[in-house]
Structures are given as C-alpha cells and as structure tokens.
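One-letter residues, chain by chain:
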Amino acid sequence: MTDQNKDLTAISILPKHIGIIMDGNGRWAKLRGKRRIFGHEAGVIKAKEVVEQCVKMKLEVLTLYAFSSENWSRPRKEINGLMKLFERTIGKYTSLLIDNDVCFKPVGNLDMLPEVLKRKLEQMEAITSENSGLRLNLAIAYGARQDIVGAVKTIIDKLEKGELSKEEINEDLVSDHLSFNDVSDLDLIIRTSGETRLSNFMLWESAYSEIYFTETLWPSFEEQEFMEILQNYSKSERRFGSIKDQIDLKKA
Ligand code: FPP
C-alpha cells in the first residue's frame, strides 16, 4: 500500500466539493528574494499537484480561486503577468485534464479577461465538457457579491416579464441563478497563508462549509497537510443547524 493510499483509508467521509483560496504566492516569492510572478508560477505547479491528488481520490468537485474581482486593483504589471501565466497554464495542461477525465469550467466575469485568455478558457471548457471525472472550477475574475447581484437582476427581469411570481422565490431559486448552479455547495474551504477571511469567495455556497485556515503559503502546501485536513474533515460533524441527538438519530 502506498503512503497516500494509507492516508486515504483514514478518510471515511470525503467532502463532495472543496474550494481552495490559494493565497501567499507573493510572500513565498519575497521570502526567496524573487519577484511576485515567480511565486505565482510556483502556485500553478502546486495547483496542478492538488488537482492530480483530487483525481486520485475521486473527489467530485474542486473549485480553485485564481483571480478575484478585487484583484483587478493590483498593479497593472502584476495583472498582465498573471493573465499571461493563466494563458500559458491552459495551453500547458490541456492534455493533463483530458487524460485524467477532468471536466473544466471557468467561473467569473470572463468578459473582463483578455480576449485570448477568454477564448482559451472557453475552448478548454468545451473540449472537456463531456468528461465525467473530477469537475474542476476555476474562479477567475470572480466575486461572490457580483454573482449574487447578477442573480438578483435576472430574477427581477423574469418577474417583470411575468415568467416568475414573487411566491416562487426561495433559496433553491436563488441558487439556480448563481454561477455555481450545477454543483453542490461547498463542504470544505481551505485558505492558505494565514489570512482568516473569505475575500468574496462563494459566500452563498459556503453557508454550511467547514473552513480550514492554514499558515502555509500556497506554493509550500504539501500533500501531507492536505490529507490531514481531509482526515479532520472526516471526523467533523456537520449539523446544519440541528442538534447532535438529531444527527445521531438520522445515522441510526
Ligand atoms: C494569491 O497570492 C494568488 C493569486 C491572487 C494569483 C493566482 C493564483 C495562482 C497563480 C495559482 C494557481 C493558478 C491556476 C491557474 C490554477 P498573493 O499574490 O495574494 O500572495 P500574497 O498574499 O503573499 O501577496
């Protein structure tokens, strides 16, 4: 049995949907006396490793937060470097995603991205759309509040056109109008680099998520720590607002 398989046996309940806020690339590079883009490049390699681990574990959905709506306020030079890096990454890993049966979906305001990058993301989505393995969402130019505002506008449009009535508005209907409407809510969120906030990441879909914050900077995030987080998750009891006795009754 490989070490990884041994670790996996300790995980009795695997989350269905994991979201990762990959933070700390800049600090990782600075600690090594390098430019920030060097940290982002290392961050891409780490993302690739984590995707491969999720494929091995047969995880259903992984969402990576690559670029937030708020990241547009970074220096132009860093934004351009990141956009080029995303473009190269898509090109470089297309066959990896195909070979591993990964279904890729970019989520966010893609119209804000450079045309070439937008096209490559959409091509990758189309090429992998029939794949039935890991569903990999890349949140890029994404912000949860903006997504919710978009949903509210669409719902109002439908109300005005008489396609919907006020009585039909409920949580499911709002979920259906969000960008992540075809995957389950997040079970587990991991944020690296010691920051303890969600930074506009999937605010609606994280209502009942377990959240794990680690001091580790994203490029230094290792398989061992990932497995420990999953083992902890496996032990946690998600009550969704109920009390322990009710959960025990359901299990019996
Ligand atoms: C966070 O570090 C990283 C980003 C905002 C950039 C995007 C993420 C990557 C390049 C990794 C994976 C990408 C893909 C395409 C899967 P930071 O710059 O906020 O670091 P800092 O907080 O230390 O400054």
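Up top you'll find the structure we're talking about.
Just so it is clear, the model here is predicted, and its values are computed rather than measured. (Residues numbered from 1 in each chain as written. Predicted model: local features only at pLDDT ≥ 70, side-chain atom pairs only at ≥ 80, totals over all residues. Heavy atoms only, no water.)

(A) Expanded view of the nonpolar core. Membership of the largest hydrophobic core comes to 45 residues, with the highest contact counts inside it found for L62 and F226. Of all the secondary structure elements, the ones that give two or more residues to this core are β1 (17-21), α3 (36-57), β2 (61-68), α4 (76-99), α5 (115-128), β4 (135-142), β5 (188-191) and α8 (223-235). Considering each element in turn, this core owes the most residues, 9 residues, to α4. Those residues in contact with F226 that sit more than four places away from it in its chain are I18, V50, Q53, C54, M57, I190 and F221. Grouped together as the second largest cluster of nonpolar side chains are 14 residues, I21, L198, F201 and M202 included. (Core = buried A, V, L, I, M, F, W, Y, C linked by side-chain atoms within 4.5 Å. Buried < 20%, exposed > 50% of the residue type's maximum accessible area, 1.4 Å probe, protein only. Helix = DSSP H or I, 4+ residues; strand = E, 2+ residues; numbered from the N terminus. Contact = heavy atoms within 4.5 Å.)

(B) Inspection of the site of the ligand at higher detail. By nearness alone, 17 residues border the ligand, and G26, R27, R36, A66 and R74 come closest of all. A distance of 3.3 Å separates an oxygen atom of the ligand from a polar backbone atom of G24. N25 places a polar main-chain atom, nitrogen or oxygen, 3.2 Å from an oxygen atom of the ligand. Taken by itself the ligand offers 620 Å² of open surface, and the protein chains cover 90% of this. In this structure, the ligand is accommodated by the largest pocket. Of all the secondary-structure elements, those providing two or more residues to the shell around the ligand are α2 (25-31), α3 and α4. The element that contributes the greatest number of residues to the shell around the ligand is α3, accounting for 5 residues. Across the shell around the ligand, the residue classes tally to 7 nonpolar, 6 polar and 4 charged. (Near = heavy atom within 4 Å. Polar contact = N/O pair within 3.5 Å; in protein donor to acceptor, adjacent residues only side chain to side chain. Areas by Shrake-Rupley, 256 points an atom, 1.4 Å probe, with all protein chains shown as cover. 1 Å grid on protein atoms, 1.4 Å probe; cavity = no way out; pocket = protein on both sides within 12 Å on 5 of 7 lines; lining within 4 Å. Sits in = over half its atoms within 2 Å of the grid points. Nonpolar A, V, L, I, M, F, W, Y, C, P; charged D, E, K, R; others polar.)

(C) Molecular detail of a nonpolar patch on the surface. A cluster of nonpolar side chains, V152, I156, L159 and I169, forms an exposed patch at the surface whose accessible area comes to about 280 Å². Tracing the sequence through the fold places I169 in the loop between α6 (144-160) and α7 (171-176). Taking the relative accessible area as the measure of exposure, I169 reaches 34% and is therefore partly exposed. (Patch = residues over 30% accessible without salt bridge, like charges linked within 9 Å, V, L, I, M, F, W, Y side chains within 5 Å. Salt bridge = Lys/Arg side-chain N within 4 Å of Asp/Glu carboxyl O.)

(D) The arrangement of the packing of α3 against α4 in detail. Where α3 meets α4, the closest approach of the two axes is 11 Å, and the angle between their N-to-C directions is 25 degrees. What the angle tells us is that α3 and α4 run roughly parallel. Like other packed secondary-structure pairs, α3 and α4 cross with a definite hand, here right-handed. Only E78, G81, L82, L85, R88, T89, Y93, L96 and L97 of α4 make contact with α3, whose side of the interface consists of R36, I37, H40, E41, V44, K48, V51 and E52. When grouped by side-chain class, the residues that make up the contact of α3 with α4 number 8 nonpolar, 3 polar and 6 charged. (Axes fitted to C-alpha atoms, helices over the stretch in contact; angles between N-to-C directions. Parallel < 35°, antiparallel > 145°, perpendicular 65-115°, else oblique. Left-handed = near helix turned anticlockwise from the far one by under 90°.)

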